[in-house]
Amino acid sequence: MVNQDLTPKAVIETKNVWVSYDAQTVLEDINLTVNETDFIGLIGPNGGGKTTLLKALLGLIKPTSGEIRIMGKTVAEGRCYMGYVPQHIEFDRQFPIRVWEVVQMGLLGCRKPFAPLSSAEREVIHYALEQVEMDNLSQRAIGELSGGQRQRVYIARALVSNPQILLLDEPTASVDPQVAGNIYELLRRINQTVTIVMVSHDMNAVSSYVKTIGCLNRRLHYHGSKEVSKDMMEAIYECPIDLIAHGLPHRVLSSHESEGEKHA
Amino acid sequence: MLEIFQYGFMRNALAAGVLVSIACGIIGTYVVINRIVFLSGGIAHAAYGGIGLGYYLGINPVLGAIIFSIASSLGMGMVHRKTGQRSDTIIGVMWAIGMAIGIIFLDMSPGYKADLMTYLFGSILAVPASDLVIMLVLNVIIISLVSLFYRQLQAISFDETFAFVVNVPVDRLYLMLVCLIGLTVVMTMRIVGLIMVIALMTMPPAIAGLFVKDMKRMMALSVLLSVFFSFTGLMLSYYLNLTSGATIILVAGVAYLISFLIQKSRQKRKAEANLQSAN
């Protein structure tokens, strides 16, 4: 989709970002500008650095070189404007925490540490839970929920701080297609005001819900568009090899093209 | 039965039981949900170095244990945070080195060490009033810090990555938590001894965790269970003339086993009921 705004406001900017673990380079020279109300789907092979890029944006990993600015600020300050939905694999079902308390975590950082929860903050938590349709289960223990319900709670936790940017790592990895559809519809609604960067393996979702696609395989191939043109195909040539491995090469390409025509 | 309360040492013992149970129930809950039982066991054993240091310097061994267990808490806490997968090896080494230092210090200290065994195996009947004051102060510290940082501690225990991302000072809070574990260890040492501290810290929360899914309730129930185990163990040891610390631990152990079986049979009944309703 072409951004109609002539002067889009950049919310995330990375300049020549390199990340390596020990001697292994995971991200090479990443230059990414994310503008307000973008909805970027990041695809790429396993080990291509998708999660690493999100971690670098959140300050969980320090780049070996290069610079990251969030809302024009350093990562540590800028992440106050970001909501994060992690990829949850390991999880202690016995953990004594209620849905309400999980969502409350999203409010912890950028507030006074000891003040009791204000009524405004309670209202915000309620609202976030309503948005993901989990308000009726707010007193449940997190371990009693299904995978999809839990994922929605994590989205509420990310939304509760009223973020400008939402980062999601495989938000539908462990949920059935019906629930995944609901989550993407929710994201589309949120995207009216919130910028979204989403890592996903779900090619269907990426092609039908996001506005633009980036492909990450150590290097980032991103042109701020959803069209996969011939020259971009050549640029991201490493990706289709992996897409074939995922078993969905044709669907991806055809849906890109049809979407491309629609917007052209 | 009530005649035993006329003895001053018995009243002290009961007071010590209550004070220790409060700390154990609250901090033990964090130990169990964070799955740092091994780390806490390491802190407990390394505290023996402080006992030895106390004897060597001629100061109150409890004071030595407090200093030593704070130091080992910080050391092991940092190792646990920074070294990743093999941290248990290093913690195990520190655990043994702490004990070895204690033994060497004791070798070098002159004189007869009559009450040495009370630190290893506990002696709830020999708690002096001065130790009750120390316990009270430690409890005040533990309760105020935990209530002040309740939400933050819950957050870092549940999902430390997310807590870090929302700018909660994860490392500092974590080190504070291990220091509180160290203080609790020193208190609990008086009741059941260094060797069995970890059992009294973990069994009540482990039982509570089977029946409640709320952290505050888990803490409250752990405290009550711990008080119950201390009292019951104390009474049994008094009437049967057994070692008090070991009796308390065995009472807790039996309760743990029973509650585990209850939980299992409840789950089984539930599964059967689900199966029937499905048919």
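Residues numbered from 1 in each chain as written. Chains lettered and ligands numbered in written order. Predicted model: local features only at pLDDT ≥ 70, side-chain atom pairs only at ≥ 80, totals over all residues.

**Overview of the overall build of chain B**
Stage number 1. Summing up its helical and strand segments, chain B has 13 helices and zero strands in all.
Stage number 2. Traced from its N-terminal end to its C-terminal end, chain B shows the element sequence α-α-α-α-α-α-α-α-α-α-α-α-α.
Stage number 3. In terms of C-alpha radius of gyration, chain B reaches 20 Å, essentially the compact-globule figure of 19 Å for 279 residues.
Stage number 4. Considering only C-alpha atoms, chain B reaches an extent of 75 × 55 × 30 Å along its principal axes. (Helix = DSSP H or I, 4+ residues; strand = E, 2+ residues; numbered from the N terminus. Rg over C-alpha atoms; globule rule 2.2 N^0.38 Å.)

**Some remarks on the sheet that holds strand 8 (residues 212-217) of chain A**
All names here are of chain A.
Stage number 1. Ordered in space as 5-6-7-3-8-9, the six strands form an open sheet in which the pairing is mixed. Looking at strand neighbours, the two that pair on one side only are strand 5 (82-85) and strand 9 (219-222), the edges of this open sheet. Averaged over all adjacent pairs, the angle separating strand axes in this sheet is 15 degrees, with direction ignored.
Stage number 2. Taken strand by strand, helix 1 (residues 50-58) contacts strand 3 (39-43), strand 5, strand 6 (165-169), strand 7 (195-199) and strand 8, and its axis lies near 145 degrees from that of strand 6. (Pairing = 2+ DSSP bridges. Axes fitted to C-alpha atoms, helices over the stretch in contact; angles between N-to-C directions. Contact = placed C-beta atoms within 7 Å.)

**Some remarks on the environment of Gly52(B)**
Residue and element names in this part refer to chain B.
Stage number 1. Within the secondary structure, Gly52 sits in helix 3 (residues 48-57).
Stage number 2. By the C-beta count within 10 Å, which is 28 here, Gly52 ends up buried.
Stage number 3. C-alpha of Gly52 to C-alpha of Ile104: the two residues are 52 residues apart in sequence and 7.5 Å apart in space.
Stage number 4. Once residues lying within four places of it in the same chain are set aside, the contact partners of Gly52 are Ile101, Gly102, Ile103, Ile104, Phe105 and Leu106. (Buried ≥ 20, exposed ≤ 12 C-beta atoms within 10 Å, placed from the backbone.)

**Side note on the sheet that holds strand 1 (residues 10-21) of chain A**
Residues and elements named next belong to chain A.
Stage number 1. Taken in spatial order, the three strands make up an open sheet running 2-1-4, and their pairing is antiparallel. With one partner strand each, in any of the chains shown, strand 2 (24-35) and strand 4 (65-70) form the two edges of the open sheet. Strand-to-strand twist across the sheet, computed as the mean angle between neighbouring axes with direction ignored, equals 15 degrees.
Stage number 2. Judged from the five bridges that link them, strand 1 and strand 4 form a sheet pairing that is antiparallel. Across the sheet, Lys15 pairs through a bridge with Glu67, a residue of strand 4.

**Here's the deal with the nonpolar core**
Stage number 1. Core analysis: the largest hydrophobic core is formed by 157 residues, its most contacted members being Val103(A), Ala156(A), Leu167(A), Ile27(B), Ala47(B), Val197(B) and Leu200(B).
Stage number 2. When near neighbours in sequence (up to four residues on either side) are disregarded, Ala47(B) contacts Ala65(B), Phe68(B), Ser69(B), Ser72(B), Gly98(B), Val185(B), Val186(B), Met189(B) and Leu194(B). (Core = buried A, V, L, I, M, F, W, Y, C linked by C-beta atoms within 7 Å.)

**Examining the interface of chain B and chain A**
Stage number 1. With 22 residues of chain B at the contact, the number on the chain A side is 22 residues.
Stage number 2. Going through the elements one at a time, helix 8 (150-158), helix 9 (160-165) and helix 12 (215-240) of chain B are the ones with two or more residues in the side of chain B that touches chain A.
Stage number 3. Classifying every residue of the side of chain B that touches chain A gives 13 nonpolar, five polar and four charged. (Nonpolar A, V, L, I, M, F, W, Y, C, P; charged D, E, K, R; others polar.)

**Here's the deal with the pairing of strand 2 of chain A**
Residue and element names in this part refer to chain A.
Stage number 1. Summarising the sheet, strand 1 and strand 2 pair through eight bridges and their orientation is antiparallel. Across the sheet, residue Ile12 finds its bridge partner in strand 2, namely Val34.
Stage number 2. As consecutive antiparallel partners, strand 1 and strand 2 are separated by two residues, and within that stretch Asp22 has a phi angle of approximately 50 degrees, a positive value.

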